[in-house]
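Structure assessment
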Amino acid sequence: MMSLVGLLVVVALLFAANDLRQSQVSYHRATLLAERNQIADSCMQAAKKFAFERGRSNVVLRSQGPISPENRRFIEEKRTATDKYIFDTLGRLPDESRKAGDELRRAWNVVKTLRPDVDHDFALSPAERDPALPGLWMAAANDLVAGLEALLVTISDLPGNIEVSFDRLIRLRVLSVQLRNLVGSESI
């Protein structure tokens, strides 16, 4: 009788250990998925905030006269938000996504390098502006959007460590395509 009780205790402990292990695996997967979702969300917010700066700067550089101080402040607010979300995105990246993060960082640095020239031309009449700047600006802006898109796709394709649901994968792919269309008509 005592050995039967001992056997039942051992079996119960084995089941409990297995349940504990499964619980740990589930927790780890849920944590990884939550991290990927946070990266995807900050990536999308960066794109949404950058969309205004990208399109508005393009329109001003190509055809409009000097912009108002209010409009300039609004663009600056969007820039600040974009930079915050990109910084947050890059800071959360797992090791598997470092290459996509490096591409995004490079594109972001080009955009930041061009911003002072864009600001300078905002104050000038269209005839006084650098004629090459609109093309440089849109190329850099498009590279930044492509970097955000590539990062979303990379996050959705992370191997092995996590089982991303099919639905989540589809949503990430759709969001990555939407990035290209966020300001579409203003990318003349």
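Below: a short report on this structure. (Residues numbered from 1 in each chain as written. Predicted model: local features only at pLDDT ≥ 70, side-chain atom pairs only at ≥ 80, totals over all residues. Heavy atoms only, no water.)

1. Describing the packing of aromatic side chains
What characterises a pair of aromatic rings is the spacing of the ring centres plus the angle enclosed by the ring planes. One pass over the full model with this rule turns up 2 aromatic pairs. Between F50 and W137 the ring centres are 6.1 Å apart and the planes differ by 55°, which places this aromatic pair in the tilted class. Linking F50 in helix α1 (residues 2-62) with W137 in helix α4 (residues 133-156), this pair joins segments that are 87 residues apart in sequence. F50 sits in the buried class, given a relative accessible area of 0%. (Phe/Tyr/Trp six-rings, centres within 6.5 Å; stacked < 30°, edge-to-face > 60°. Helix = DSSP H or I, 4+ residues; strand = E, 2+ residues; numbered from the N terminus. Buried < 20%, exposed > 50% of the residue type's maximum accessible area, 1.4 Å probe, protein only.)

2. Things to note about a nonpolar patch on the surface
On the surface, L4, L7, L8, V11 and F15 cluster together into a nonpolar patch covering about 500 Å² of accessible area. Counting through the fold element by element, L7 comes out in helix α1. (Patch = residues over 30% accessible without salt bridge, like charges linked within 9 Å, V, L, I, M, F, W, Y side chains within 5 Å. Areas by Shrake-Rupley, 256 points an atom, 1.4 Å probe, with all protein chains shown as cover. Salt bridge = Lys/Arg side-chain N within 4 Å of Asp/Glu carboxyl O.)

3. Side note on the pattern of salt bridges
According to the stated counting rule, one finds 7 salt bridges in the structure shown. The partner of R79 in a salt bridge is D119, with the nearest N and O atoms 2.9 Å apart. In this pair, R79 sits in helix α2 (residues 69-92) while D119 sits in helix α3 (residues 98-122), placing the two residues 40 residues apart along the sequence. The buried category is assigned to R79, whose relative accessible area is 3%. Between D88 and K84 there is a salt bridge, with its nearest N and O atoms 2.9 Å apart. Taken together, the positions of D88 and K84, both in helix α2 and 4 residues apart, correspond to about one turn of that helix. By relative accessible area, which is 44% here, K84 ends up partly exposed. Connected through salt bridges with shared partners, the residues E53, E76, R79, D83, R115 and D119 form a single ionic network.

Just geometry here; none of it tells us what the structure is for.
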